[in-house]
Every structure is written in C-alpha cells, then in structure tokens.
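Summary of structural features
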Amino acid sequence: MYQTAFHKNDISKSSFLVTGGAGFIGSNLVEYLLKYNAGKVRVLDNLSNGFKENIEPFLENPSFEFIEGDITDEATCHNACEGIDFVSHQAALGSVPRSVKNPQASNHANVTGFLNMLVAAKESKIKRFVYASSSSVYGDSPHLPKKEEQIGNQLSPYAVTKRVNELYADVFAKTYQMEILGLRYFNIFGPRQSPTGPYAAAIPLFMAAVLKQEKPFINGDGEQSRDFTFVENAVQANIKALLAPLDQSGNGGVINIAVGGRTTINELFKIIKQSGGSYLDAIYRDERPGDIKHSLADISKAKNLIGYEPTIEIGKGIEITFQWFRKRYFSK
Ligand SMILES: NC(=O)c1ccc[n+]([C@@H]2O[C@H](COP(=O)([O-])OP(=O)(O)OC[C@H]3O[C@@H](n4cnc5c(N)ncnc54)[C@H](O)[C@@H]3O)[C@@H](O)[C@H]2O)c1
C-alpha cells in the first residue's frame, strides 16, 4: 500500500503525533509517514481498542516513538505534544452502539480527551491539528449527498461527541489562532480494522464470517447504504489536511472524507461473498438504534480545500483488505 506519495513537502525534519495510532486508521497513517521518512512519528494510545500488533512493525524504526497513555489525562497530552509540529488526532471510542450503552465513557474519551489534546496542542504551539470527526454528525438530515453545512439532529451520544469536537475546533481556531481541520469520515475500511469485539464494523465482520464459513448478521433489511471508503483514501486526506496550504476561510472547519459513492449493506455482503467464494446467506435481525438509513458524501469541499482525490474505489479496497485478512487471521 501507499505506493503513491500524497505530499510534495520534505517531511524528514517534521515531527508528527498520531493519537490513536495503535488503532485502525491511525496505524495506517503511521505506516505512511514512516514509509516516506518523516523525521519523528509519535503515537499516543491507551490500547483500549487498539492493538500492539498494529504498531509492532514500527517499533524498531528509530523515528518511531510509542507512548502508552490516555488522552483523558492532561499531563500525558502535554508530554505527547512536546516537540511536535503536526497532530493527527484519531483517538476516540468509536461506535454508535457503544455510546448508546455507555454515553459517559464515550463522552470522557471523545470530548474531555479531545479538549485536553486541543489545549496541549495550543500550549506546545503545534503547526496544525487535524482530527477525526464522523458522518454520524449529519444525523437525521434528509439531504443526499451530504454537504458539510447541512447537518441535522445527531442521533446518538457518539454523534454528539463528534459534533462537540467540531464546535470546539472552530472556537479554538478563532480564539487562539490555531490551524485546525476536521475530517468527517464516512465508513472507513481496510487492513488492521478489527473484526473482534462487540462493536466491530460490518466489513471486517463479513470478511471474518465468510472466511470461517459462518452466516453473518445484517441489521434491518440491509437496504441501508453507506459511502464505504478505503483507508488509503483516509490516509491521503490526513496527509493533505496536515501539509497542504490551508485557506483561512477553511480554518476551523470540517470536510467530508469519502469516495462519493453509495453501496447498500446487501450489495456489500454480495461483493464480499463473491470475493471469498462463499454461498452462505446472512441472518437478518432488528435495526440498531441510532443508525442512519442512507449516507453519501459530497466531497467537493475536500477537493477544493486540500486537493483530496480518492484513488481507490470500494471493489479494489475490498480485494486488498481481504488479502490482508486472510494473511493475518487465517493463514495457518
Ligand atoms: N472507522 C471508521 O469508519 C470511522 C468513521 C468515522 C469516524 N471515525 C473516527 O476515526 C478515529 C479512528 O477510528 P478507528 O476506526 O481507527 O478506530 P480504532 O478504535 O481502531 O482506533 C482508535 C484508537 O484510539 C485509542 N483510544 C481510545 N480511547 C483512548 C484514550 N482515552 N486515550 C488514548 N487512546 C485512546 C484506541 O485504543 C484505538 O487504538 C476515531 O476518532 C473514530 O471515531 C472512524
């Protein structure tokens, strides 16, 4: 992966902090930064939902540092930001159902932790702060495709935490003259996304089921649709959001990060089944509370603001992800 560089700048003297860097998206970003010889790449992660295995390949690299720590601890955030130029803040408790079950835990990590990181980044005078928001912010907005300025009411505690991040980001950019940009991710998938635990996402769950010849569950009738986005596109977005010149009119704002295509869960399962050579059907069960029916992004703001241009569509992304899954979990 990452055969194409998404940046033109020399990053050999720049230092990066990736919070949540032992998680799925964060570890992919770390892989990219080290591949292109970033001066320093520091990860801050409490391993609550990430894995040491995800950063194992980087531990020998002298440019890599790992801090096992929690973003809800102010001092840890300050230490992590020391000597850093660019922050990519990915650490959070993901998942709508997790937040429905335990809203306080999601708020603590996603809001208190986020605010701690913003304050630490401000005090360390970092050059730019890029953070992960979510398409869940669109909530009950009926508009399709989703445009950044047309949000509805959030439908879950998780979505509220991400909306609060956006509000803080805007205020910090204006009040403290910081450079900040939020990325509203739309269903990112790819290598290192975990198929385990009660809050695993659909693509790794389907892949694991197909490889084990088991029937996966589909929530609702499967006709809900999503703008599934391969992780390499999300890494491109992070790199460009961190390094591209940022127009002041975009500072403090958010941009959609997706492909701009829509696939239903039924179609997705069919692609994964075909790719894995399975004939098993899914088991349908009740819809999940807090879920939105359709999601499709307008990505023109990201194109205009940072030159984001997704390069890998869903079919190719599924192929790469399947290969990785087979190797990591099923090669004996
Ligand atoms: N994957 C998606 O489709 C998607 C969609 C929208 C938004 N997001 C957001 O993108 C970011 C990355 O998501 P991901 O899919 O890589 O999730 P992930 O769970 O794989 O990664 C998140 C990482 O953050 C770490 N973390 C959680 N709480 C922490 C804390 N208090 N202190 C330190 N580290 C902590 C976890 O251990 C984990 O390694 C998250 O902010 C998530 O909400 C992801």
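Please refer to the structure higher up on the page.
Attention in this report is confined to the structure presented alongside it.

Conventions we followed
- Residues numbered from 1 in each chain as written.
- Predicted model: local features only at pLDDT ≥ 70, side-chain atom pairs only at ≥ 80, totals over all residues.
- Helix = DSSP H or I, 4+ residues; strand = E, 2+ residues; numbered from the N terminus.
- Rg over C-alpha atoms; globule rule 2.2 N^0.38 Å.
- Contact = placed C-beta atoms within 7 Å.
- Axes fitted to C-alpha atoms, helices over the stretch in contact; angles between N-to-C directions.
- Parallel < 35°, antiparallel > 145°, perpendicular 65-115°, else oblique.
- Left-handed = near helix turned anticlockwise from the far one by under 90°.
- Nonpolar A, V, L, I, M, F, W, Y, C, P; charged D, E, K, R; others polar.
- Pairing = 2+ DSSP bridges.
- Near = placed C-beta within 6 Å.
- Buried ≥ 20, exposed ≤ 12 C-beta atoms within 10 Å, placed from the backbone.
- Right-handed = clockwise from strand over helix to strand, strands pointing away.

Helix and strand counts for the protein come out as eleven helices and 13 strands. Radius of gyration (C-alpha) of the protein: 19 Å, near the 20 Å computed for a compact globule of 332 residues. Principal-axis analysis of the C-alpha atoms places the extent of the protein at approximately 55 × 45 × 35 Å. Taking as baseline every contact in the protein between residues at least 6 positions apart, the subset at least 24 positions apart corresponds to 80%.

Our focus in this paragraph is the packing of helix α7 (residues 202–211) against helix α11 (residues 314–330). α11 packs onto α7 with a crossing angle of 60° between their chain directions and a minimal axis gap of 11 Å. Classed by the angle they form, the pair α7 and α11 counts as oblique. Viewed along their axes, α7 and α11 form a crossing whose handedness is right-handed. Each of I203, M207, A208 and L211 in α7 lies in contact with α11, whose residues at this interface are T321, F322, F325, R326, Y329 and F330. Each residue belonging to the contact of α7 with α11 can be placed in one class, and the counts come to eight nonpolar, one polar and one charged.

This part is about the sheet that holds strand β1 (residues 15–19). The seven strands are arranged β3-β2-β1-β4-β5-β6-β11 in an open sheet whose pairing can be described as parallel. Each end of this open sheet is capped by a strand with a single partner; those strands are β3 (64–68) and β11 (254–257). Shown here is a sheet whose adjacent strand axes are inclined to one another by a mean of 20°, direction ignored. Contacts from helix α1 (residues 24–35) reach β1, β2 (40–45), β3, β4 (86–89) and β5 (128–134) within the one sheet, and its direction differs from that of β2 by about 170°. Of the strands in this sheet, β5, β6 (180–185) and β11 touch helix α6 (residues 157–175), which is tilted by about 155° from β5.

As a further point, take the site of the ligand. Of all residues adjacent to the ligand, which total 27 residues, the nearest are G20, G23, G50, A92 and A132. Elements that contribute at least two residues to the shell around the ligand include exactly α1, α5 (103–123) and β5. Element by element, the count of residues in the shell around the ligand is highest for α1, at three residues.

Here α7 has its buried residues at I203, P204, F206, M207, A209 and V210. At its buried positions, α7 is contacted by β7 (188–189), α9 (265–276) and α11. Backbone geometry just downstream of α7 places Q213 in the positive-phi region, at approximately 55°.

Attention shifts here to the pairing of β1. Of all five residues in β1, five are buried, a share of seventy percent or more. Of the two faces of β1, both are covered, the one formed by S15, L17 and T19 as well as the one formed by F16 and V18. Sheet topology places β1 next to β2; five bridges connect them, and they run parallel. Its bridge partner lying in β2, S15 is registered against K40. Handedness of the β-α-β unit built from β1, α1 and β2 comes out right-handed. Of the pairings in the sheet, the one linking β1 to β4 comprises four bridges and is parallel in character. The partner of L17 across the bridge, within β4, is V87.

On to the environment of L205. Here L205 shows up in helix α7. On the basis of neighbour count, L205 is assigned to the partly exposed category, with 18 C-beta atoms found within 10 Å. Once the C-alpha coordinates of L205 and P195 are considered, the two residues, ten residues apart in sequence, prove to be 5.1 Å apart.

Next up on the list: unusual backbone geometry. P145 follows L144 through a cis peptide bond whose omega is -5°. For Q213, which is not glycine, the phi torsion reads 55° and is therefore positive. For Q213, the position within the fold is in the loop between α7 and β8 (217–219). When the 11 C-beta atoms within 10 Å are taken as the criterion, Q213 is described as exposed.

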